[in-house]
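Each chain is listed here by its residues.
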Amino acid sequence: MAQCMKILNLPTTPVENAKLSIPDAPFRLMYSFEKISNRKSNKYPRIYASLGPKQNRPHLQSLPRDDLNNRSRKEEVLGAIKGSLSNCLSETNLHLTVPALQSKIRGKVRDTYHAGDYLVLVTTDRQSAFDRILASIPFKGQVLNETSLWWFDKTRHITANAVVSAPDKNVTIAKKCSVFPVEFVVRGYVTGSTDTSLWTVYKNGVRNYCGNALPDGLAKNQKLPANILTPTTKAADHDVPVTPDEIVKRGLMTWADFDVVSRKALKLFEYGQRLALEHGLILVDTKYEFGKDSDGSILLIDEVHTPDSSRYWIAHSYKGRFQNGLEPENVDKEFLRLWFKDHCNPYEDEIIPDAPEDLVCELAWRYIFLYETITNSKFEIPSTEEPVHDRISRNVELALSSLKNL
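Residues numbered from 1 in each chain as written. Predicted model: local features only at pLDDT ≥ 70, side-chain atom pairs only at ≥ 80, totals over all residues. Heavy atoms only, no water.

Naming follows an unreviewed UniProt entry, where the protein chain appears as Phosphoribosylaminoimidazole-succinocarboxamide synthase, chloroplastic of Erythroxylum novogranatense. Listed in UniProt under the heading Sequence similarities (unreviewed entry), the comment for the protein chain reads: "Belongs to the SAICAR synthetase family." Its UniProt record gives the protein chain the following Catalytic activity (unreviewed entry) comment, quoted word for word: "5-amino-1-(5-phospho-D-ribosyl)imidazole-4-carboxylate + L-aspartate + ATP = (2S)-2-[5-amino-1-(5-phospho-beta-D-ribosyl)imidazole-4-carboxamido]succinate + ADP + phosphate + 2 H(+)". (UniProt positions renumbered as here; feature names shortened; annotations may be inferred.)

Draft legend 1. Molecular detail of the nonpolar core. Of all hydrophobic cores here, the largest spans 67 residues; its most connected members are Ile-81, Phe-184, Tyr-288, Phe-290, Tyr-312 and Phe-340. Tallying contributions element by element places helix H8 (residues 357-375) first for this core, with 12 residues. Setting aside residues no more than four positions away along its own chain, Phe-340 makes contact with Phe-130, Leu-134, Pro-346, Ile-352, Pro-353 and Ala-355. Residues Leu-94, Val-122, Val-164 and Ala-399 belong to the second largest nonpolar core, which totals 17 residues. (Core = buried A, V, L, I, M, F, W, Y, C linked by side-chain atoms within 4.5 Å. Buried < 20%, exposed > 50% of the residue type's maximum accessible area, 1.4 Å probe, protein only. Helix = DSSP H or I, 4+ residues; strand = E, 2+ residues; numbered from the N terminus. Contact = heavy atoms within 4.5 Å.)

Draft legend 2. The sheet that holds strand E7 (residues 171-175), seen in detail. Within the open sheet, the five strands sit side by side as E1-E2-E3-E7-E6. Their pairing is antiparallel. Every interior strand has two partners, whereas the edge strands, strand E1 (103-106) and strand E6 (165-168), have only one. Here the average twist between neighbouring strands, direction ignored, is 25°. (Pairing = 2+ DSSP bridges. Axes fitted to C-alpha atoms, helices over the stretch in contact; angles between N-to-C directions.)

Draft legend 3. Quick look at the side chain of Glu-289. Of note, Glu-289 is situated in strand E15 (residues 281-292). Ignoring any residue separated from it by four or fewer positions in sequence, one finds Glu-289 in contact with Val-179, Glu-183, Leu-299, Leu-300, Ile-301 and Asp-302.

Draft legend 4. Fine view of the packing of aromatic side chains. In total, this model carries 13 aromatic pairs according to the counting rule given. An angle of 80° between the planes, with centres 5.6 Å apart, marks the rings of Tyr-189 and Tyr-318 as edge-to-face. Highlighted residues: Tyr-189 in strand E9 (residues 184-190) and Tyr-318 in helix H6 (residues 315-323), separated in sequence by 129 residues. Ring centres 6.1 Å apart and planes at 85° place the aromatic pair Trp-255 and Phe-258 in the edge-to-face group. Here Phe-258 and Trp-255 lie together in helix H5 (residues 255-278), a separation of three residues that amounts to about one turn. (Phe/Tyr/Trp six-rings, centres within 6.5 Å; stacked < 30°, edge-to-face > 60°.)

Draft legend 5. Region of interest: the pattern of salt bridges. Considering all chains together, one arrives at 24 salt bridges under this definition. Among the salt bridges present, the one from Arg-106 reaches Glu-91, with a minimum N-O distance of 2.5 Å. Of this pair, Arg-106 sits in strand E1 while Glu-91 sits in the loop between helix H1 (71-83) and E1, placing them 15 residues apart in sequence. Residue Arg-106 is classed as partly exposed on the basis of its relative accessible area of 43%. Given the relative accessible area of 38%, Glu-91 is considered partly exposed. Where Asp-259 meets Arg-263, a salt bridge forms, and the shortest distance between an N and an O atom there is 3.1 Å. On the criterion of helical spacing, the pair formed by Asp-259 and Arg-263 is a turn pair, its members being four residues apart in helix H5. Looking at Asp-259, the relative accessible area reads 35%, which means it is partly exposed. (Salt bridge = Lys/Arg side-chain N within 4 Å of Asp/Glu carboxyl O.)

Draft legend 6. Quick look at the pairing of E1. Sheet topology note: the E1/strand E2 (residues 110-115) ladder contains four bridges and is antiparallel. Considered in E2, the bridge of Arg-106 is made with Asp-111. Hairpin connection from E1 to E2: three residues lie between these consecutive antiparallel strands.

Draft legend 7. The arrangement of H5 in detail. The end-to-end C-alpha distance of H5 is 35 Å, a good match for the 34 Å that 24 residues give at a rise of 1.5 Å each. Looking one or two residues beyond H5, the residue adopting positive phi is Gly-280, at roughly 85°. (Expected span 1.5 Å × (residues − 1).)

Draft legend 8. Structural view of the packing of helix H2 (residues 140-154) against H5. Between H2 and H5, the shortest axis-to-axis distance is 12 Å and the interhelical angle comes to 110°. The angle between the axes of H2 and H5 places the two elements in the roughly perpendicular class. The way H2 lies across H5 gives a crossing that is right-handed. Between H2 and H5, the contacting residues are Trp-150, Trp-151 and Lys-154 on the first element and Tyr-271, Gly-272 and Leu-275 on the second. Broken down by class, the residue content of the contact of H2 with H5 amounts to four nonpolar, one polar and one charged. (Parallel < 35°, antiparallel > 145°, perpendicular 65-115°, else oblique. Left-handed = near helix turned anticlockwise from the far one by under 90°. Nonpolar A, V, L, I, M, F, W, Y, C, P; charged D, E, K, R; others polar.)

Draft legend 9. Quick peek at the packing of helix H7 (residues 334-343) against H8. It is the contact of H7 with H8, at a shortest axis distance of 10 Å, that shows an interaxial angle of 160°. If you check the angle between H7 and H8, you find them roughly antiparallel. Counted together, Phe-335, Leu-336 and Trp-339 of H7 and Leu-359, Glu-362, Leu-363 and Arg-366 of H8 form the full contact between these two elements. Looking at side-chain class alone, the contact of H7 with H8 contains five nonpolar, no polar and two charged residues.

Written out as structure tokens, the structure reads:
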């Protein structure tokens, strides 16, 4: 991907936060425009959480605290999830329905369309891990897009972001620019199950990882003495860990740019951890991507603190479970990764088993649970009156038409 997003000065919508001082929002969530095999058990632990104080969200319905913990809310959401299993947004072809779109790039989760000076980023319901697509998860694309928009708003005091507008529940519009070919992975705990996870390399004896000296004696899921940065870059179809020296020597970034971006990444992560903890969650690790605009400004792009790019654990149960050697209660896709690792070799098997329906539904619920917990807002189940692809096409075409008039 050689482009990124740039922010435009759009009308502001103030957003309040009970404990933290947040600047006013530079964009609105604009969802419509006016004119202008043998298998092991697939059981997984239930999750619970406690929330911090309610916040006012002018653009979203406020969610009563109890709704996130009681059975009725989960049953309500699961009913919608099950009814949408056959209507996931697994593929898009907006270049065939929106005249202004010139081409399509299909990513693991996002479909990117070129539209002159802009990119149209559509977040689908595809679920990826182990460098492959595992399943389609109802409402996942909407959750990721809206979670990222919420975090982009909250982190503007740390770094400029790239959002132009959000014309649909699944869409963000962006402006093209250069992207650094490095993902800035920040970690607060030694954990994970993939080949590049910190726990995997640590248990294999590695004590210097991406330029970070790691002490002996750490246990899986233990908190690190301090947050660390473990950058990666792409090689073929997988991520490769790199040190800061390697990044500069290979010409991926200058020292000056790396220094600026690494500081931003660590500040974003520290802020994300603090805000997540106020809402009963632990932000365990995440990744960030950055790009440079034509005027040299460094911008945060892609996604921010979503359950796809991040690990989240339930805070109140972490200590007890860690002390008893149990896995933390997670609110991300880690339990899906573990299920596939238990039932196949997801890196090498050409054909892998289908994810069970109840596991797919549980993951969809956890993604919605995370969104509602972090934002303290009720997730809006989309209407089924209009086919989702038609809705997206209509909203994107109207949005691009409006941008021409700016």
